[in-house]
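Residues per chain, in single letters:
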Amino acid sequence: MSTKYKFYDQDKLYFISFSVVYWIDLFIRNEYKQVLLDSWKHCQKHKGLEI
């Protein structure tokens, strides 16, 4: 995990963008989609992520 990209100011709004290797569509396979959704749900519940 990178220590370079940490968000310390909780009062600011951040825009996050990312890409995947070889532009693989993450939502084609249910396994990929579920991993992504589970990760977002975890961050919402435990880290205060707002989507």
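Novice: Explain unusual backbone geometry residue by residue, including any values.
Specialist: A positive phi is found at Tyr22, a non-glycine position, where the angle reads about 60°. With a relative accessible area of 76%, Tyr22 lands in the exposed category.

Novice: Quick one: what's the story with a nonpolar patch on the surface, residue by residue and with numbers?
Specialist: Taken together, the side chains of Phe18, Phe27, Trp40, Leu49 and Ile51 define a hydrophobic patch exposed on the protein surface, amounting to about 540 Å² of accessible area. Mapping Ile51 onto the fold places it in the segment after helix H1 (30-47). A residue is classified by how much of its surface remains accessible, and Ile51, at 71% relative accessible area, is exposed.

Novice: Go over the pattern of salt bridges, please, and point to the residues and values.
Specialist: This structure, assessed with the given rule, holds one salt bridge. A salt bridge links Asp9 to Lys12; the shortest N-O distance between them is 3.8 Å. A relative accessible area of 33% means that Asp9 is categorised as partly exposed.

The rules behind the values
- Residues numbered from 1 in each chain as written.
- Predicted model: local features only at pLDDT ≥ 70, side-chain atom pairs only at ≥ 80, totals over all residues.
- Heavy atoms only, no water.
- Buried < 20%, exposed > 50% of the residue type's maximum accessible area, 1.4 Å probe, protein only.
- Patch = residues over 30% accessible without salt bridge, like charges linked within 9 Å, V, L, I, M, F, W, Y side chains within 5 Å.
- Areas by Shrake-Rupley, 256 points an atom, 1.4 Å probe, with all protein chains shown as cover.
- Salt bridge = Lys/Arg side-chain N within 4 Å of Asp/Glu carboxyl O.
- Helix = DSSP H or I, 4+ residues; strand = E, 2+ residues; numbered from the N terminus.

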